[in-house]
Every structure is written in structure tokens, then in C-alpha cells.
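Topology and contacts: notes
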Amino acid sequence: MLPSNQSTRIAWGASLGLSLLLLSLPWLVRLDGHPHADWQQFLGRFHPLAVHLPIGLLVLVPLLEMAGSHRPALREAAGFVLVLAIAGCLIALSLGFLLAYGSGNAGAGVTRHLWGGVVLTIVVLICLLARPQWNAQGGRYAYPALLACMLIALVWTADQGGSLTHGSNYLTQYMPAGMKRVLALGSVQPSASFYAKHIHPILDANCASCHGEGQAKGGLRMDSYELLMKGGQDGPVIVAGSAARSVLFQRITLPPGHKQFMPAEGKPPLQPEEIAWIKAWIDQGASPTLAKLAGVTIREELPEVPIEPVGDYSALMPEIQKMEQGQGAKLKQVSAKPSDGLILFTVDAASTFDDAQLAQFQKFAPYIVEAELGRTAVTDASFDTLKQFIHLRALHLEETRITGAGLPKLASLSHLSYLNLSGTQVTAASTASLSAIKSLRHVYLYNTPAQPAPATTGTPQPKEKNAQ
Amino acid sequence: MKQHPLCTDTEQVTNVLDLAIPARVKQEWAELQTRRHFLGRAGKVLGWAAAASLLGDRSLRGDNYSAAGAQGGESLKFPNFAPKAKRAIYLFMSGGPSQVDLWDYKPNLAAQFDKDMPDSVRGSQQLTGMTTGQARFPVAPSHWAFKRYGQSGTWVSNLLPNTGRMVDDLTIIKSTNTEAINHEPAIMLMNTGNMNAGKPCLGSWLAYGLGSMNDNLPTFMVLQTKLNTAENNQPVSSRLWSSGFLSSEYAGVGLRSAGDPVLYLTDPNGVDREVRRKMLDAVNEINRQTYEELGDPETNSRIAQYEMAYRMQSSVPELADLSKEPQSTWDLYGPDAKEPGTFAYNCLMARRLAERGVRFTQVYKRGWDMHDNVTKILPIICQETDRGCYALITDLKQRGMLDDTLVIWAGEFGRTVYSQGGLTPDNYGRDHHPRCYTTWMAGGGVRPGITYGETDDYSYNVVKDPVTVRDFNATILHCLGIDHNKLAYKFQGLDQKLTGPVPASVVSGLLA
């Protein structure tokens, strides 16, 4: 593979020179993080447009070479495509450099992408030089290996570039959870603070593609709490305690058409509730650890407790059907699918339905997923029966005589997600044990000593207690 | 059994019931024989038909009665899957509430006051006879300001301050659209899935499919709100809660808005409970004999209805007795709720019915049909309904009932952005508008705090995520655990469905 004649020597020499020039470019013209001439940015913004042509051409080259083993005409075309690709690479590289230099982008991501582009162009150059020999059946593996290197460099560089425009989690954000686990992505345990749970995700999704590890426009990075509070080249963007005086808040609340509006470049504005959360978070001290903010309640998107099949109760069906005919407590199937379980209805016998009657349902205990015991005569003694309803998901005890003394007995119900204790005598102390039930999503304590009824027409809010 | 005239075999008379065919087919055949009986044919199969019905029967009560549900034959088909909502409350705003003035905020319209709406917006649409002759269609921006409410930042008109406070609990649909432009077909379409009368309504389909959750009150109840003569009222009729071709047990049972909630429910003087029971037993016996003779399932419906009425003699007075409601109830629903027949009273009653295991309650409020004088009438009707809606949702939520109750607020269509009749800075009218209108749902099965669908700048055409009436109904059924394609009943040779023959789809964007 050494240069043999005059013309190849010239080609090698020119390529070497060009490669050296490319390699030294980042030192010749330093990316200093400051915006420069407008014409540079104007031209530079054609980079994302121009970059896709050489990508397509470079993917085409190996395909043509492979297909060429059957159709020689295609192999001839491959050489031409390769030359075109080099031209495309050089144009895209120049425009990209203008973009980075002109707009003052100097983050680690930009640097990586730039180096990727330089290396890729040089590999393509070498491919072009190595090709004639390979074509003449000289080195058998060198050229295909170079093509493989070229593809790897291409994918890596393109991924870096994509992360700059769309954010680094663009491809993985909606990946199925199972796949994420396999790839060990996003396995970091989320912190419980308001910042970690609500503010950081907003900034990450909407801001970090320009103000992050990849690019740090205006010297501002928002991908971690410390960097966010540090601010940009013009100083801090957040004034803890005052959203109105915080540049960040000012910029996201400008009219969307305003020159300084953020997110810039036509990216979608933040949602009103997101803005409200940011405002509340800054106003209340912009703390990295505070878990709850006054005046902000966010519906927790806790995963639903999966429905577990209750087992086979077909042997009990005659009894269940007979009960349905009588006027009294009855069991009904949740759905046409027997394994969805049974609901215990007592509305027709509420006034007389007591602990002894409930105890008669013990033989159905594992199959009952919901028990409607509201307004019945059951007492705290009923919990001894109820704790055997191992598949119970919803328990209605509203306006019964229970005091809550037996509530700890429910701890064994690992599927219980709904518990209605409205209008009973339960107290804050007696409901404390409920926090042990991890599956619990909704606890209703309306009109109990634990949560007295509202006296006026204010905005009565039900207490939705999350056990986690 | 009489032989077919074309049958040449004089010796052998085949009995259908002896054939090796499924029992279900035999039963269907026997029922058809029942009908033929009325045409003068006697048959020994009738006794069998009666017996078959009785064998598969759970009881002669209102729920899951299998003579009426005989088409299925299986013991339980619905819900098809575990439902999010066990029951539903439908607040029907008859007349067509103005989406332009209440929900569909178009701030840019203010600058368009009295300008002609571009013809391109209306396209080739045929208008009602009330405005089709108008020389021009001047844009009438809403007279009222809008405000953002809740964490969802939803824009709601100042006419609905209480509703605004609960927007985070609502699933607002701005892209509901219908094919009918006049009240009767539109209201039939909304309720029964068909513009022509005679089909079962949503409540009847639910009663038929899901059955009752209690013994002492009907599965499906209807509450009409007292007439307010200051408003422009369109009639609502019992066609809207008819069970159509389903057994009449599944028809909605109305509570009167004044006087006794149900007429003739109290025993006459001198007739005590025991005498009443004896009388009913005797009547039932006679009816049972009639059924055995004729096998008409409607006879059983009659027996079931008598029994239900007997139980309602004690359950309805208890239902209507509001004396045990605490002060907090009146603080929430407002003073109107103490007066029977008001919208607030009906909202409170809907909550009480839900507590007592009623599957489906429909509250009708008339008066939304504002062809003129919008600025005077709309505040009246909003004032009348706003607090009741808020109170109902809030009450259900604080009592833990919103998790398994679906609440629906809808009319039959919306209103035009252009003014019907004269447009002045202070007043305007609005004609019927089927192409877009706003509805909302809340509770079991739907996603709270969202607004679904978008309309154009004139609140005239849907530009994103349209929801047709059949999609709307399919979504309601889905929340209650029903696959709308499976809730079918054979009638007139068709598998009749609430969502009709045109493919409908559950709107997944609305679901929790």
C-alpha cells in the first residue's frame, strides 16, 4: 500500500496535508465560547441540512461495494460515490465549524462532535486512497476494514450531533422499561426532592439540549443542580426566593415571539403547569432537597397495582349464584373473566350486615377483590375476617362504626390500593399504621376525626394519601 | 305441532326440540314460536319456552333477568374486562350549550367583532332554517372574559367560576361533533346512537349489559330539572330513556321534580303493607299464568316492575329524605339544593342514588337553546348549574366515590360563533352548531386535568382529534368495562349496538 508512482504520490501528499490541516483546525481557530459574526451563524445553520447528504452517501459506499461483487457496474459507481461523499464531508465539516464558532458553542459535546467529524473525514480520505489497490486485488482486508471503521466513526459522530440538537436522552426517553433494564439505562434511583422529581426533568427535556453537557450556550448548563445555580457567563439565572427576579423565569415567561424567549429556536414553550412549578420552586427557595412545596399538589403517577388472578372458585359458583338471587349481601363477578375475582355487595342488607355475617364469607375470602361494606353494622372486629381477604384491592368502610383500632390487621393485604374510611371514627393516630401497606394509593378520611369536614364552601380537598 | 304445508311426509312429524341442535337455537326458535302464537298458531312448545326461560332465570326480579337477556345464554358476559367505573352519572345539558361562551377560548375573535365569518370556514355546510336566510354571518365574540384555572391552566369562562375550580378533575373534550343539527335528532343520537326514535338509550344498554348493583332501586334513573321559564326550553321526552327493543325493565325510571318523587307509591288509606303484598302476590300469580300460556317476556318485565315498585315503597322515601344530610352538604351544594327539582337538588340526589347502588343516573337540564338574548339568558342558566356540577364532583371526590363513578357533562350540540339575528355590542344570538362542541367527563376511567381536541380560530371546525358521538359513547362504555362491539342485541335481523353499524373507536387519549 505504499505510493508507487507519481500521481499516487501527489494524491497521498495532498491527503496528508489536508488531514494535518483538519487536525490542527481546532487549534488554529479556537472555539472560545463567544458568539462571532452573524454570517458565520447564517451559513453554519445549514450544517444540519448539509450533513445528511454525506451520511447517505457513506452508507451507500459499502453497500455498492458488496453488491459490486455480483454487478461490477455498481462497484465502479462506488468510487464515484466515495468522491462525492468526501466533498460532502468537507462542506458539512466547514459549515459545522462555522456554526460552532459563530454561535459560541464550546461544550464537551460540541468538541466531541467536531473531532468525530474530523476523524471521519480523514478515514474517508484514506478509504479513497486505499481503494484503487483493493480494486486491483492488492490488500484484501485493509479497505473493507477501513470502511467498517468509517461506519463506526459515522454512527458515533451522528449520535453526538443528534444529542446536541435533540438532547442526550432523545432516543431512550420512550424506550420500553424492560429494554431499559436490559441496557441498564435510567436505573438510577430517583431522589424524592421536588427538584429531582419535577424540576430537573422539565429542564432536562426542554433546556438541556442547548444548556447541557453537549452545548453550553451562554456558558449556562442546566443538567445538574450545582451548574444550574452557578449560572452562565452573565451571572446566576436563579435568585432563590424570587422567581420574578430570576432571569430563567423571566425568559420562559416572555411572549413566545420575543427575541429572548426560552426555549429558543422555535422549540415548544413550557406547559403552564411546568411554569407554575418552576415559579413555586424558585419562590420557595429553589432548594435541591425540599420534598414538598406549599400550594403545589401533583398527582402522583404511581404505577397501578397489577391485578393478580384470584384462583379457581368454580366449585363455589352454585352458592354464589344462589346468593345473587336472595335479597341481601351478594357476590358478583368483577368481569366476565372469573380470575378478576368477586365483589361483595351489601347495599341491600346494609343495616343488618354485621361482623357475624361477614365471617360467613370466609370461604370466599381469597376470591374477593372488593368489599363494599359502607353503612353496614360491621365493627373493628371485622378486620379479623377482612385480613383473610388476601386479594382485596378496594375496601369500603364508609359510615361504619369502626374506630380504626383494627386497622393494623390490614397490613397483610398486599394488593389493597383503595380504602374508604369516610364518616367513621378513625383518628390520625389509628390510621398511621396504614403507611405499612405499600400498595395503598387512595385513602379517604372525609368527615372523620382524622380529617374533619370542611365548615364552609371553601375548596374542600379530599385527602389522597400516598403510602410511599 | 302443525305440519308445514309443503311437507309430503304424512307419517313423521319432526319436533324441533328433538333435533340435535344447540339448546340456544331451540330456545330462540321457541321464542319465535311465541310470537307466532299471537298470529293464531297454537303450539305445545310454548310450555317448553316458558320452562326454558324459567330454568335459566335468576329470579323474577329486575336484574340480569335471562328471558330478556336470553340472546346471550351465558351466565355473565359483561363487563368484558375489569372496569374502572362501576356506575355513571350523566348531566345532560339539553338545548346545546355554547362552547364559544363557556369553554372554547378564542381571544383573537374580539378583533373580529361584527366582521363576516369567512365563507371558507363554513364551507358547503347546510345551516338550520333559522339562519340559512341570513344575509351575513357576523362574528359574535364571547361577551365574557375567560380565566385560567388549576394546575392544568385550562381557560374557562367567567360564567363558570365553580366549574373552573375543579378543572384539574375534568377531562374536557373540545372536539365532540355530531351529524345532527336539530334538537330531536341530535338528542336522540347522543342518547341512543341513532337519530330516529326507538333504539335503546345508553342507560338501558348499561342496565341490560351490567345489571343492577342493588335490589331496592331501579338500575337506571332519570331526574328532570324543573322548568325555568326565563330560559329557552326544548322538550325532553321519555323516548330519551326508553329501552327500545330491549326489555322494558331496562327503561329509565324517572323521579318527578315536584310532589311525590314517584306517583302512587304510597299505599292508599286503609291499605297496609301486608294487604299490598297479598295483592301483588295474586297479581303476580295471574301474570305468571299468562306468561306460561303465551311466553311473552314482557309479562315477566311486568312482574319484575311490580316487585320493584313494592320495594321502592320503602326505598324511595328513604332516598328523598334529606333531613339527615349534614350542614356541610348544604354549604357545598348551596341553598337551591333544598328545593326539590332544582339542578343542585338533582345533583345531590344523583350522589345519593350512586351511594345506594344505582348503576346509571341521568340528570336532564333544559334551557340551553339560545337563539337570541344570549347575554341575558346564559348567566341565568350558568348560575343555575355551575355550583351543582362543582358540588357533585367535589362531593364524590371527597367521599372516595369519584374513583369508581364516571360523570359526564354534555349537550346534543354546540352553538355558532356567528350571531343569529342582530348583533349589538351588548347582545347576540347563536344558532345550533354540530361541527364542534365541548363536553367533559370526570372520574373512573378518564384522565383528569386534560383538554382533548382542538377547534379552528372560529370555534367552528375540529382541527385536531375529533370525537364523534359514537366514539364518545364507545369511550363511556369502555370506562364501564364494556367492549362496545360486544354489547349487541339481535333485532330486525341485525346485531344492534349503541354505537351503530359505522365503526366506532374508544378514544384512548381520554383514558386514565
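Quantities reported herein were computed from a predicted structural model and do not represent experimental measurements.

Concerning the overall build of chain B
Secondary structure assignment for chain B yields 13 helices and 17 strands. When each of the 512 residues of chain B is scored for burial, the buried share is 52%. Across chain B, the fraction of contacts at a sequence separation of at least 24, relative to all contacts at a separation of at least 6, is 75%.

What to know about helix α9 (residues 297-320) of chain B
Residue and element names in this part refer to chain B. Taking 1.5 Å per residue as the helical rise, α9 with its 24 residues ought to reach 34 Å, and the 32 Å between its terminal C-alpha atoms agrees with that figure. Bending of α9 peaks at approximately 45° at the position of Met-312. Along α9, the residues that are buried comprise Pro-297, Thr-299, Asn-300, Ser-301, Ile-303, Ala-304, Met-308, Val-316 and Leu-319. Buried positions along α9 lie against α8 (273-294) and α11 (343-355).

Side note on the interface of chain A and chain B
Across the contact, 30 residues belong to chain A and 31 residues belong to chain B. Of all the secondary-structure elements, those providing two or more residues to the side of chain A that touches chain B are α12 (272-283), α13 (317-325), β5 (418-420) and β6 (442-444) of chain A. At three residues, the largest contribution of residues to the side of chain A that touches chain B is made by α12 of chain A. Classifying every residue of the side of chain A that touches chain B by side-chain character gives 14 nonpolar, 10 polar and six charged.

Thoughts on helix α9 (residues 194-206) of chain A
All names here are of chain A. Over its 13 residues, α9 runs 17 Å from end to end, which matches the ideal 18 Å to within 8%, given 1.5 Å per residue. For α9, the principal kink sits at His-200 and spans about 35°; a proline, Pro-201, occurs within the next four residues. Here α9 has its buried residues at Phe-194, Ile-199, His-200, Ile-202, Leu-203 and Asn-206. As for α9, its buried residues are in contact with α12.

Regarding the environment of Gly-95 of chain B
Residue and element names in this part refer to chain B. Along the polypeptide, Gly-95 turns up in the loop between β1 (87-93) and α3 (99-102). For the pair Gly-95 and Arg-415, spaced 320 residues apart in the sequence, the C-alpha separation amounts to 9.6 Å. If we ignore the near neighbours within four places in the chain, the residues touching Gly-95 are Asn-232, Gln-234, Arg-366, Gly-367, Trp-368, Asp-369 and Gly-411.

Quick look at unusual backbone geometry
Of note, the amide linkage connecting Met-262 of chain A to Pro-263 of chain A takes the cis form, showing an omega dihedral of -5°. As for its placement among the helices and strands, Pro-263 of chain A is situated in the loop between α11 (247-252) and α12. Cis geometry marks the peptide bond from Phe-78 of chain B to Pro-79 of chain B, where omega comes out at -5°. Counting through the fold element by element, Pro-79 of chain B comes out in the loop between α2 (45-55) and β1. A positive phi angle, near 55°, is found at Gln-492 of chain B, a position not held by glycine. With respect to the helices, strands and loops of the structure, Gln-492 of chain B is situated in the loop between β16 (488-491) and β17 (494-497).

About the thresholds
Residues numbered from 1 in each chain as written. Chains lettered and ligands numbered in written order. Predicted model: local features only at pLDDT ≥ 70, side-chain atom pairs only at ≥ 80, totals over all residues. Helix = DSSP H or I, 4+ residues; strand = E, 2+ residues; numbered from the N terminus. Buried ≥ 20, exposed ≤ 12 C-beta atoms within 10 Å, placed from the backbone. Contact = placed C-beta atoms within 7 Å. Expected span 1.5 Å × (residues − 1). Bend = angle between axes of the 7 residues up to and from the residue. Nonpolar A, V, L, I, M, F, W, Y, C, P; charged D, E, K, R; others polar.

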